[in-house]
Amino acid sequence: MPDVAVFKSEVKPDWCPGCGDFGVLNSLQKACADLNLNPHDVMVVSGIGCSSNLPGFFNSYGMHTLHGRSLPVAQGAKFGNHDMTVIATGGDGDGYGIGVGHFIHSIRRNVDMTYIVMDNQIYGLTTGQASPTTERMTKTKSTPTGCLESSLSPLALSLAGGASFVARGFSGEPMHLAEVFKAAIQHKGFAHVDVFSPCVTYNKTNTYPYFKQRTYKLEDEKHDTKNFDAAMKKAQEWGDRIPIGVLYAVERPTYEYGETALMDGDLAKQPFKPLDPSILLEFV
Ligand SMILES: Cc1ncc(C[n+]2csc(CCOP(=O)(O)OP(=O)(O)O)c2C)c(N)n1
Ligand code: SF4
Ligand SMILES: [Mg+2]
């Protein structure tokens, strides 16, 4: 089994001491090592944000793309090489704000990849503005008298969009998080994992103690991961008790095995074939 150390990059993370993203990075490295993957089997793609700096600290193929644009690039990478384990990573602003359109349509497409969102309920990199998951009436740099928009429920959104795998983890529970990542990577289809990853510098509401006191593990409650209604109920649970673990996991056909251009295999391995224009004329 490859050692966790093979996934550590020479570049050391420059996150603030105590940032939740350290736990996410360590758990992802452990998950990949436990799954017997090698760095050359993995591609990690991100958008922009503190969390989106993760590929630089992870030894594998990687790409730091544009704000909210990790998912189209990650899907392109998977079309190019089906054998690659493709993981997109980013923040709540990146994925649920500017990138929300790509998020919803990636769910519908169900490409075989994993999407990890480090949800700190704030824009960290730009020094503390409200994000789509900031709780209503929270005071932030962009909402000094309190955020008037209600917070988005990423898991409910993803379930409503038809996701085949929906889970949540907490970077304060790194062993549990690594197990959630392993299940997501092994899932055949688009696997969405929202991770509570506290921003210790700009979010003084959703802290480690906040989540430690409230989170409980779905595995301890005999939750049925095939039951859509039960998953939706869990996705909307918020307050004194907040669930972590796999909410929903079902099989659904993946995009790459139905797309005509991919029937002959990975794009990277197909010989160059000029398109026959008569195919297009059939639809005129
Ligand atoms: C098109 C575009 N708009 C805005 C920005 C500025 N910007 C960079 S990161 C970011 C938000 C990051 O928040 P999040 O995705 O939650 O990541 P975090 O830093 O919290 O990990 C914004 C608005 C940008 N880089 N590009
Ligand atoms: S600003 Fe927040 S999210 Fe960014 S590195 Fe620091 S603690 Fe982490
Ligand atoms: Mg954020």
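Structure: see above.
What comes next concerns the included structure. (Residues numbered from 1 in each chain as written. Chains lettered and ligands numbered in written order. Predicted model: local features only at pLDDT ≥ 70, side-chain atom pairs only at ≥ 80, totals over all residues. Heavy atoms only, no water.)

### Quick word on the overall build of the protein chain
Inference 1: Counting its regular elements, the protein chain contains nine helices and eight strands.
Inference 2: Its C-alpha radius of gyration of 19 Å places the protein chain within 12% of the 19 Å reference for a compact globule of 284 residues.
Inference 3: Across the 284 residues that make up the protein chain, the buried fraction comes to 52%.
Inference 4: Within the protein chain, contacts between residues separated by at least 24 positions form 70% of all contacts whose residues are at least 6 apart in sequence.
Inference 5: For the protein chain, the exposed surface amounts to about 13200 Å²; the carbon and sulfur share of it is 58%.
Inference 6: Treating the 25 positive side-chain charges of the protein chain as one cloud and the 30 negative ones as another, the clouds have centres 6 Å apart. (Helix = DSSP H or I, 4+ residues; strand = E, 2+ residues; numbered from the N terminus. Rg over C-alpha atoms; globule rule 2.2 N^0.38 Å. Buried < 20%, exposed > 50% of the residue type's maximum accessible area, 1.4 Å probe, protein only. Contact = heavy atoms within 4.5 Å. Areas by Shrake-Rupley, 256 points an atom, 1.4 Å probe, with all protein chains shown as cover. Lys, Arg positive; Asp, Glu negative; His and termini not counted. Charge placed at Lys NZ, Arg CZ, Asp CG, Glu CD.)

### What about the site of ligand 1?
Inference 1: Neighbouring ligand 1 are 16 residues, the closest being Cys 50, Ser 51, Gly 93, Asp 94 and Leu 125.
Inference 2: Contacts to ligand 1 include Gly 93, whose backbone N or O atom sits 2.8 Å from an oxygen atom.
Inference 3: At a separation of 3.0 Å, an oxygen atom of ligand 1 approaches a polar side-chain atom of Asn 120.
Inference 4: When isolated, ligand 1 has an accessible area of 590 Å², and the protein chains bury 73% of it.
Inference 5: It is helix α3 (residues 92-98) that provides the largest number of residues to the shell around ligand 1, a total of four residues.
Inference 6: Looking at side-chain class alone, the shell around ligand 1 contains six nonpolar, eight polar and two charged residues. (Near = heavy atom within 4 Å. Polar contact = N/O pair within 3.5 Å; in protein donor to acceptor, adjacent residues only side chain to side chain. Nonpolar A, V, L, I, M, F, W, Y, C, P; charged D, E, K, R; others polar.)

### Considering the coordination of the magnesium ion (ligand 3)
Expected angles at a metal are 109.5 degrees for tetrahedral coordination by four donors and either 90 or 180 degrees for octahedral coordination by six donors.
Inference 1: Here the magnesium ion (ligand 3) is held by the protein donor atoms Asp 92 (OD), Asn 120 (OD1) and Ile 122 (O), which lie 2.1 to 2.2 Å from it.
Inference 2: Counting along the primary sequence, the residues that act as donors to the magnesium ion (ligand 3) give the motif D-x27-N-x1-I. Judged on exposure class, the residue Asn 120 and its partner Ile 122 are both buried. (Donors = N, O, S within 2.8 Å, 3.2 Å for Na, K, Ca; no water.)

### Things to note about the sheet that holds strand β2 (residues 61-64)
Two pairing modes exist for strands in a sheet, parallel and antiparallel, and in both the strands are linked by backbone hydrogen bonds.
Inference 1: Read across the sheet, eight strands follow the order β2-β1-β3-β4-β6-β5-β8-β7 without closing on themselves; strand pairing throughout is mixed. Each end of this open sheet is capped by a strand with a single partner; those strands are β2 and β7 (215-217). Neighbour to neighbour, the strand axes of the sheet diverge by 20° on average, direction disregarded.
Inference 2: Here strand β5 (residues 165-170) runs beside strand β8 (residues 242-249); their pairing, made up of four bridges, is antiparallel. (Pairing = 2+ DSSP bridges. Axes fitted to C-alpha atoms, helices over the stretch in contact; angles between N-to-C directions.)

### Section: the site of ligand 2
Inference 1: Residues in close proximity to ligand 2 include Trp 15, Cys 16, Cys 19, Cys 50, Asn 120, Gly 124, Cys 199, Val 200, Thr 201 and Tyr 202, which together make up its full environment.
Inference 2: Of the residues belonging to the shell around ligand 2, the class tally is seven nonpolar, three polar and no charged.

### Observations concerning the side chain of Gln 129
Inference 1: Structurally, Gln 129 can be placed in the loop between β4 (113-119) and α5 (154-160).
Inference 2: Within the structure, the side chain of Gln 129 is placed 2.7 Å from the backbone oxygen of Thr 126, a separation counted as a polar contact.
Inference 3: Excluding anything up to four places from it in sequence, Gln 129 contacts Ile 122, Tyr 123, Thr 140, Lys 141 and Ser 142.

### Let's talk about the side chain of Thr 215
Inference 1: Take Thr 215: it is sitting in strand β7.
Inference 2: A polar contact of 2.7 Å, which involves the side chain of Thr 215, links it to the backbone oxygen of Phe 211.
Inference 3: In this structure, Thr 215 is in contact with Phe 170, Phe 196, Ile 242 and Ile 244, ignoring residues within four places of it in sequence.

### What about the pattern of salt bridges?
Inference 1: Under the counting rule described, the total for this entry stands at ten salt bridges.
Inference 2: Glu 221 is the partner of Lys 234 in a salt bridge, and the nearest nitrogen-oxygen pair spans 4.0 Å. Pair noted here: Lys 234 is in helix α8 (residues 228-235) and Glu 221 is in the loop between β7 and α8, with a separation of 13 residues, a long-range link.
Inference 3: What makes Lys 234 buried here is its relative accessible area of 18%. (Salt bridge = Lys/Arg side-chain N within 4 Å of Asp/Glu carboxyl O.)

### Let's talk about the packing of aromatic side chains
Inference 1: Counted according to the given criterion, the structure contains 13 aromatic pairs.
Inference 2: Relative to Phe 57, the ring of Trp 15 has its centre 4.9 Å away and its plane inclined at 85°; by these criteria the two rings are edge-to-face. Of this pair, Trp 15 sits in the segment before α1 (21-34) while Phe 57 sits in the loop between β1 (42-46) and β2, and the two are 42 residues apart along the sequence.
Inference 3: With 5.7 Å between their ring centres and 55° between their planes, Phe 170 and Phe 211 make a pair best called tilted. Here Phe 170 is found in strand β5, whereas its partner Phe 211 is found in helix α7 (residues 208-214), with 41 residues between them in sequence.
Inference 4: In textbook terms, an aromatic cluster arises when at least three aromatic residues are bridged by ring pairs, as seen for Phe 170, Phe 196, Tyr 208, Tyr 210, Phe 211 and Trp 238.
Inference 5: It is Arg 214 that lies over the ring of Tyr 210; its NZ or CZ is 3.9 Å from the centre.
Inference 6: Taking the ring centre of Tyr 216 as reference, the NZ or CZ of Arg 241 above it sits at 3.8 Å. (Phe/Tyr/Trp six-rings, centres within 6.5 Å; stacked < 30°, edge-to-face > 60°. Lys NZ or Arg CZ within 6 Å of the ring centre and 35° of its normal.)

Geometry only, nothing functional implied.
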